[in-house]
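Structural features, examined
Below are the chains, spelled out letter by letter.
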Amino acid sequence: MNMFHLGAVTVVLLVVAVILVFLWQLARGLLGDDEKTYRFVRRIASAVAVVLLLSALGWLAADLIPTAVTMTVPMEKVWPTLPGAELEPNGATIESSGVALAELTMSGVSWPTRLLWAFGRLVSLLLPAAIAVLVALAARELERGAPFSPVLVRTTRVSAMIVLVAGIVAPVAKGIAGSMASYQALFIRSASWTGYPDDWHPDEFLPQATVFVPFEFWPIGVAVALFAFSAVLQHGRRLQKETEGLV
């Protein structure tokens with residue numbers, strides 16, 4: 001099992017453990033006290049943030065230290081036609097194939113490609129880590145009885161920026177790195193063969209290198225929602241100050 005799969009399994013197990021512990025605490029009736037509830041949420045969110053950051057470091061080491069690296073690589077012509085062969089499908093007929101993504105473990109990938117891929121994967125984990133930190137700080141401020149604290153307002157805005165930037169930059173960086181690796185691994189520079197017709201070429205039957213750089217739109221909506229939430233917190237803080245002044 002490589003570090004990517006190990007990190008994914010760790011996160012899944014942590015989420016399952018959080019759900020089980022939450023149900024256990026709920027069954028024991030310990031969530032009736034607000035302070036205990038906030039303390040419980042803060043500790044769980046902090047643990048999630050730590051695990052995500054450690055997983056990011058593990059992914060970074062797995063992408064840069066070993067000789068071979070596993071990357072998501074785009075390719076075209078993944079379903080080549082066979083001239084002279086008559087195939088009868090089981091109902092559906094494939095008319096054409098587009099870009100497909102494959103998990104390839106490759107050696108000899110250039111260092112700029114590996115660095116860009118490692119950067120994209122590192123940034124992709126900053127997004128859930130930022131949300132976990134936001135939840136932990138919110139629980140801490142609620143535990144202190146300060147739901148409209150300046151720290152929470154600033155943290156919400158910073159989290160919105162992280163979600164916006166990381167949610168867009170991470171898939172773009174990984175897409176560019178995967179496209180670079182596609183041309184490094186799938187582009188045939190030279191070839192030789194015997195026993196085939198003169199007009200035959202292996203390019204006709206092998207996956208072809210291509211470019212695929214995705215752009216995600218959901219981080220924009222999440223960032224807007226977080227900015228709106230920070231505005232609500234700022235307005236609540238202003239009303240709290242005015243109420244304290246009247247008293």
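Okay, so let's go over this structure.

Reading the values: the criteria
Starting afresh in each chain, residues are numbered from 1 along the sequence in its written order. In view of the model being predicted, local features appear only for residues whose pLDDT reaches at least 70, and side-chain atom pairs are presented and counted only at 80 or more, with totals across whole chains, interfaces and linings using the full set of residues. As a convention, hydrogens and water are excluded, and side-chain values are obtained from all of the structure's heavy atoms. Helix and strand labels come from DSSP, where a helix needs a run of H or I of at least four residues and a strand needs a run of E of at least two; each type is numbered from the N terminus. Partly exposed residues are those whose accessible area sits between 20% and 50% of the maximum for their type, while under 20% is buried and over 50% is exposed, using a 1.4 Å probe and protein chains only. It only takes one pair of heavy atoms within 4.5 Å for two residues to be counted as in contact. Note on areas: Shrake-Rupley, 1.4 Å probe, and residue coverage restricted to the protein chains presented here. Simply put, an axis is a line fit to the C-alpha atoms, just over the touching stretch for a helix, and the angle between two N-to-C directions goes from 0 to 180 degrees. When an angle is under 35 degrees it counts as roughly parallel; over 145 it counts as roughly antiparallel; between 65 and 115 it counts as roughly perpendicular; any other value is oblique. Here a crossing is called left-handed whenever its near helix is offset anticlockwise from the far helix by less than a right angle, and right-handed whenever the offset is clockwise. By the convention adopted, Pro, Cys, Tyr, Trp, Phe, Met, Ile, Leu, Val and Ala count as nonpolar, Lys, Arg, Asp and Glu as charged, and the other residues, Gly among them, as polar. Paired strands, as defined in this entry, are two strands with at least two bridges between them according to DSSP. Salt-bridge detection follows one rule: a side-chain nitrogen of Lys or Arg within 4 Å of a carboxyl oxygen of Asp or Glu. To estimate the expected span of a helix, subtract one from its residue number and multiply by 1.5 Å. By convention, a stacked pair of Phe, Tyr or Trp rings (six-membered ring in the case of Trp) has centres within 6.5 Å and planes under 30 degrees apart, an edge-to-face pair has planes over 60 apart, and any other such pair is tilted. A ring has a charge above it when a Lys NZ or an Arg CZ is no more than 6 Å from the ring centre and no more than 35 degrees off the ring normal. Definition used in this section: a nonpolar core is a set of buried Ala, Val, Leu, Ile, Met, Phe, Trp, Tyr and Cys residues joined via side-chain atoms within 4.5 Å.

**Details of the overall build of the chain**
- Regarding its fold elements, the chain presents 5 helices and 3 strands.
- Along the chain, helices (α) and strands (β) appear in the sequence α-α-β-β-α-α-β-α when read from the amino end.
- A burial count over the chain gives 29% of its 247 residues as buried.
- In the chain, 85% of the contacts between residues at least 6 apart in sequence involve partners at least 24 apart.
- When the accessible area of the chain is evaluated, it comes to approximately 15200 Å², of which 67% is carbon and sulfur surface.

**Some thoughts on the packing of helix α3 (residues 111–143) against helix α4 (residues 150–186)**
- Contact geometry for α3 and α4: axes closest at 7 Å, N-to-C directions at 160°. In terms of their interaxial angle, α3 and α4 are classed as roughly antiparallel. As α3 packs across α4, the resulting crossing turns out to be left-handed.
- Classifying every residue of the contact of α3 with α4 gives 23 nonpolar, 8 polar and 4 charged.

**Looking at the sheet that holds strand β1 (residues 68–76)**
- The sheet built from 3 strands is open, its strands ordered β2-β1-β3 with antiparallel pairing. Each end of this open sheet is capped by a strand with a single partner; those strands are β2 (100–107) and β3 (208–209).
- Each of β1, β2 and β3 is contacted by α4, which is oriented at about 85° to β1, the strand it contacts most.

**So, the pattern of salt bridges**
- Counted by the stated rule, this structure contains 1 salt bridge.
- Salt-bridge contacts for R121 lead to D63; the nearest nitrogen and oxygen are separated by 3.0 Å. In this pair, R121 sits in helix α3 while D63 sits in helix α2 (residues 34–64), placing the two residues 58 residues apart along the sequence. In terms of burial, R121 and D63 fall into one category: buried.

**Looking at α3**
- Between its terminal C-alpha atoms α3 stretches 47 Å, which fits the 48 Å expected from 33 residues at 1.5 Å a residue.
- Count one or two residues on from α3 and you reach G145, which has phi positive near 80°.

**With respect to the packing of aromatic side chains**
- A full pass over the atoms with the stated rule returns 1 aromatic pair.
- Centroid distance F215 to F217: 5.0 Å. Interplanar angle 70°. Geometry classified as edge-to-face.
- Judged by relative accessible area, which is 43%, F215 ranks as partly exposed.
- Above the ring of W111, the side-chain terminus of R114 is found at 5.1 Å from the ring centroid.
- Over the aromatic face of W59 sits the side chain of R121, whose NZ or CZ is 4.7 Å from the ring centroid.

**Comments concerning the nonpolar core**
- Among the nonpolar cores identified, the biggest contains 11 residues, and these are V123, L127, L134, L152, V153, A160, V163, A166, A170, L226 and L233.
- Listed by contribution, the elements that provide at least two residues to this core are α3, α4 and α5 (218–246).
- In terms of residue count, α4 provides more of this core than any other element does, 6 residues in total.
- Excluding anything up to four places from it in sequence, V153 contacts S230, L233 and Q234.
- In this structure, V69, M71, M106 and A177 belong to the second largest nonpolar core, which totals 8 residues.

**Concerning the environment of G145**
- Looking at where G145 falls in the secondary structure, it is placed in the loop between α3 and α4.
- With relative accessibility at 54%, the residue G145 sits in the exposed group.
- Separated by 110 residues in the primary sequence, G145 and E35 have C-alpha atoms spaced 9.2 Å apart.

**Some remarks on the pairing of β1**
- In this structure, β1 lies alongside β2, joined through 8 bridges in antiparallel fashion. Each residue of the ladder has a partner; that of V69, found in β2, is M106.

**Side note on the environment of I168**
- For I168, the position within the fold is in helix α4.
- Residue class for I168 comes out buried when judged on its relative accessible area of 18%.
- Residues I168 and F215, 47 residues apart in the sequence, show an inter-C-alpha distance of 6.4 Å.
- The residues touching I168, leaving out its near neighbours within four places in the chain, are F215, E216, P219 and I220.

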